[in-house]
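Descriptive analysis of the structure
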Amino acid sequence: MANVNINIRMDSELKSRFEAFCADMGMNMTTAFNIFAKKAVREYRIPFEISGENPNTETIEAIEEVKRMKADRSIGKTYSNVDQMMEELLEDV
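Residues numbered from 1 in each chain as written. Predicted model: local features only at pLDDT ≥ 70, side-chain atom pairs only at ≥ 80, totals over all residues. Heavy atoms only, no water.

1. Quick notes on the packing of helix α1 (residues 12–24) against helix α2 (residues 29–43)
Put simply, the rule is: Here, axes are lines fitted to C-alpha atoms. For helices the fit covers the stretch in contact, and angles between N-to-C directions go from 0 to 180 degrees. Labels follow the DSSP assignment, with helices taken as runs of H or I lasting at least four residues and strands as runs of E lasting at least two, numbered in each case from the N terminus. An angle below 35 degrees is treated as roughly parallel, one above 145 as roughly antiparallel, one from 65 to 115 as roughly perpendicular, and anything else as oblique. Contacts are assigned to residue pairs that have any heavy atoms within 4.5 Å of one another. Residues are grouped as follows: Ala, Val, Leu, Ile, Met, Phe, Trp, Tyr, Cys and Pro are nonpolar; Asp, Glu, Lys and Arg are charged; every other residue, Gly included, is polar.
At a closest axis distance of 9 Å, the pairing of α1 and α2 adopts a crossing angle of 85°. It follows from the interaxial angle that α1 and α2 lie roughly perpendicular. Of the residues in α2, those in contact with K15, F18, E19 and C22 of α1 are M29, A32 and F33. Of the residues in the contact of α1 with α2, the class split is five nonpolar, no polar and two charged.

Right under this line is the structure:
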């Protein structure tokens, strides 16, 4: 089967680090991408777990605050009208 060229854009620092990793594994980037593509096609899935970054402290605190507010409706303020809520939120802007 004929080979074709593809172009991939990535951050230059990531490229350098990936090239070094591939060299340590005894291959080049082309071989690494071909291994990935063959495994993905064979298994019909992304062959590794993809997950988001762990939330930072501020996000964790916000999540906990929402949990507390859901558990105790007296915490925070409730609205029966979206327009009223938006008007109040935008007052300080």
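2. A short note on the confidence of the model for the chain
To be explicit about the condition: pLDDT expresses how confident the predictor is about each individual residue, on a scale running from 0 to 100.
In this model, the chain carries an average pLDDT of 92, and 99% of its residues clear a pLDDT of 70 or more. For the chain, the element scoring lowest by mean pLDDT is helix α4 (residues 82–90), at 89; α2 scores highest, at 97.

3. As for a negative patch on the surface
Put simply, the test is: Each patch groups residues whose relative accessible area exceeds 30% and which form no salt bridge, using 9 Å between like charges and 5 Å between nonpolar side chains of Val, Leu, Ile, Met, Phe, Trp and Tyr. Note on areas: these come from Shrake-Rupley sampling with a 1.4 Å probe, and a residue is covered only by the protein chains present in the view. In the sections that follow, a salt bridge refers to a side-chain nitrogen of Lys or Arg positioned within 4 Å of a carboxyl oxygen of Asp or Glu. Only four residue types enter the tally: Lys and Arg on the positive side, Asp and Glu on the negative side; His and the chain ends are excluded. Where a charge lies is defined by one atom per residue type, namely NZ (Lys), CZ (Arg), CG (Asp) and CD (Glu).
Where like charges cluster on the molecular surface, the negative patch consists of D83, E87, E91 and D92. Mapping E91 onto the fold places it in the segment after α4.

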